[in-house]
Amino acid sequence: MTLPGSSTIVLGIETSCDETAAGIVMGGTDVLSSVVSSQIDLHAQFGGVVPEIASRAHVELIMPVVARAVVEEGIEEHRIDAVAATVGPGLIGSLLVGVSAAKALALVWGVPFVGVHHHEAHLYAAFLEDPALELPLVVLLVSGGHTMLIAMEDHGRYRLLGQTIDDAAGEAFDKVARFLGLGYPGGPAIDRVAMEGNPEAIAFPRAMLDDGFDVSFSGLKTAVVNHVRKHPEVTTADVAASFQQAIVDVLITKARRAAAVVGAKGLVLAGGVGANSALREQVLDACTVDGLRAFLPSRAMCTDNAAMIAACGWHRLRADGPTPLDVGADPNLRLPLLL
Ligand code: KG4
Ligand code: ZN
């Protein structure tokens, strides 16, 4: 095919964890449809994602979700120019469902298949809502599985500045929420409860605040558990607000420092934790003070969706061409980085 252009339409498919999603994007930035079917109710009773249940649910949901994205939004199948799917990282059984569906559709429609890295796609969610992002950028990628500070020098050119040495930010939210009896998924629950609490009520530790760009959250989780056991009278709202503020302080301190070192024009929030109200508000404030542009994708675009897969697929297709059909899913796929 010729290079993808402004009228090229890509169908994206996302099944790396517990969301079955399909999205259609034109020209890499124009979202025509985005359908996300969450399996939260299926997993909530177990307090977390059960991989076997997730893959079975993806099998049942994938074609209805694709059909909704294609038919309900009034797009005819023959207008789709390529099919992109998350090939990793993620749960292998879940990834395989989306990858197989995408390859089958690409074959039937006679269009290219494009394999997409889930984290790179999170980053492209910002371009969906602001195609004119000026580079270089610092990206704070905070999800359930990863916490990374990335310098984006150009499309496809990423430098890893720092990452978590233990728990991911989202994982810390989920574990603390479970301990506080707030249910699953924990991030949105803590976000809600924290609004009623005082973020300065408890001085939880901010680990590694002054050293480099790596972060660590497992000590914070332990500090929350110890504090609540020692002070059973403390309110859940104050614990949630103080815990959340400790995470936000660390993330923003490191991101600002990274932006200064890289000479970034702006700061991008990506990944599910990017939906956090306190983080969004304080990133905006920090960027105003530092003279940086803040790019905060809408909450729906921060959490897992397939419009970001389609957008990333458009850029990958432009840079690398179609992905061979014998490329498989890789649960530990690494983001290609500059040294
Ligand atoms: O990016 P994502 O949807 O899936 C992964 O690729 O991991 O991120 C999910 C994570 C979960 O840990 C969830 O608790 C967290 O994002 N999350 C939040 C909020 N919404 C989702 N964390 C804090 N505040 C939120 N509002
Ligand atoms: Zn994600």
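Quick caveat: nothing in here was measured; it's all calculated off a predicted structure. Throughout, a residue's number is its position along its own chain's written sequence, starting from 1. Key to labels: chains lettered from A, ligands numbered from 1, both in the order written. Only residues with pLDDT of 70 or above have their local features reported here, since the model is predicted, and side-chain atom pairs are shown and tallied only from 80 upward, although totals for entire chains, interfaces and linings are computed over all residues. Only hydrogens and water are set aside; all other atoms, that is, all heavy atoms of the structure, feed into the side-chain values.

## As for the packing of helix α2 (residues 51-72) against helix α3 (residues 92-109)
Interhelical geometry of α2 versus α3 gives an angle of 30° and a closest axis separation of 8 Å. As judged from the angle between their axes, α2 and α3 are roughly parallel. Handedness of the crossing formed by α2 with α3: right-handed. On α3, the residues that touch A54, S55, H58, V59, I62, M63 and V66 of α2 are G93, S94, V97, A101 and L105. In terms of residue class, the contact of α2 with α3 is built from eight nonpolar, four polar and no charged. The axes are straight lines fitted to the C-alpha atoms, using for helices just the contacting stretch, and the angles between their N-to-C directions are given from 0 to 180°. The numbering of helices and of strands both runs from the N terminus, where a helix is a DSSP run of H or I of at least 4 residues and a strand a run of E of at least 2. Working rule for angles: under 35 degrees goes down as roughly parallel, over 145 as roughly antiparallel, 65 to 115 as roughly perpendicular, anything else as oblique. Helix crossings fall into two classes, left-handed where the near helix is turned counterclockwise from the far one by less than a right angle and right-handed where it is turned clockwise. The criterion used for residue contact is that any of the two residues' heavy atoms lie within 4.5 Å. Each residue is assigned to one class: nonpolar for Ala, Val, Leu, Ile, Met, Phe, Trp, Tyr, Cys and Pro, charged for Asp, Glu, Lys and Arg, and polar for all the others, Gly among them.

## What about the packing of aromatic side chains?
Working definition: rings of Phe, Tyr and Trp (its six-membered ring) pair if their centres are within 6.5 Å, and the pair is stacked with planes under 30 degrees apart, edge-to-face with planes over 60 apart, and tilted otherwise. For the structure on display, the rule yields two aromatic pairs. Judged by centre distance (5.2 Å) and plane angle (35°), the ring pair of Y124 and F127 falls under tilted. One end of the pair is Y124 and the other is F127, both in helix α4 (residues 118-129) and three residues apart, which spans about a single turn. For the pair Y124 and F127, a shared accessibility class is recorded, and that class is buried. When the ring of F173 is compared with that of F243, the centres are 5.3 Å apart and the planes differ by 75°; the resulting orientation is edge-to-face. Relative accessible area decides the class of each residue, using a 1.4 Å probe on protein chains only: under 20% of the type maximum gives buried, over 50% gives exposed, and in between gives partly exposed.

## Brief notes about the site of ligand 1
Taken together, the neighbourhood of ligand 1 is formed by 18 residues, with G144, D174, G187, D191 and G272 sitting nearest. We define a polar contact as two N or O atoms separated by no more than 3.5 Å, with the added condition that, inside protein, one atom must be a possible hydrogen donor and the other a possible acceptor, whereas residues neighbouring each other in sequence contribute only through side-chain atom pairs. At a separation of 2.8 Å, an oxygen atom of ligand 1 approaches a polar backbone atom of G144. A distance of 3.0 Å separates an oxygen atom of ligand 1 from a polar backbone atom of G187. Contact with the protein chains covers 88% of the free accessible surface of ligand 1, which is 550 Å². Buried and open spaces are told apart on a 1 Å grid over the protein atoms alone, a cavity being a set of points where a 1.4 Å probe fits but cannot get out and a pocket being an open set with protein on both sides within 12 Å along at least five of seven lines. Residues with an atom within 4 Å of a point are the lining residues. To qualify as sitting in a cavity or pocket, a molecule needs more than half of its atoms within 2 Å of the grid points. Judged by the proximity of its atoms to the pocket grid, ligand 1 belongs to the largest pocket. Across the shell around ligand 1, the residue classes break down as four nonpolar, 11 polar and three charged. It suffices for a single heavy atom of a residue to lie within 4 Å of a molecule or strand for the residue to be listed as near it. Surface accessibility in these figures is a Shrake-Rupley result with a 1.4 Å probe; residues are shielded only by whichever protein chains are displayed.

## Overview of the environment of H119
Among the structural elements, H119 can be located in helix α4. Placed 31 residues apart in sequence, H119 and I150 show a C-alpha to C-alpha distance of 11 Å. Not counting residues up to four positions away in its chain, the partners in contact with H119 are P89, L141, H146 and M148. Separated by 3.0 Å, the side chains of H119 and H146 make a polar contact.

## With respect to the side chain of K254
The topology assignment puts K254 in helix α8 (residues 236-262). His is not counted here, nor are the chain ends, while Lys and Arg score as positive and Asp and Glu score as negative. The term salt bridge refers to a side-chain nitrogen of Lys or Arg lying within 4 Å of a carboxyl oxygen of Asp or Glu. For the buried K254, which has no salt bridge, the nearest side chain bearing the opposite charge is D211, at an N-O separation of 6.1 Å. Polar contacts involving the side chain of K254 include one to the main-chain carbonyl oxygen of G212, which spans 3.3 Å. Once residues within four sequence positions are removed from consideration, K254 is found in contact with L149, M208, L209, D211, G212, F213, D214 and V215.

## Remarks on helix α6 (residues 186-194)
Among the residues of α6, G186, G187, A189, I190, D191 and A194 are the ones counted as buried. Along its buried surface, α6 packs onto α5 (169-179), α8 and α9 (277-290).

## Quick look at the sheet that holds strand β4 (residues 82-88)
Read from one edge of the open sheet, five strands run β3-β2-β1-β4-β5, paired in mixed fashion. Since the sheet does not close on itself, it has two edges, and those belong to β3 (30-38) and β5 (113-117), each with one partner. The mean inter-strand angle of the sheet, taken between neighbouring strand axes irrespective of direction, is 20°. Lying on the sheet, α2 is in contact with β1 (9-14), β2 (19-26) and β3; it crosses β2 at an angle near 25°. The criterion for strand pairing is that DSSP finds at least two bridges linking the strands in question.

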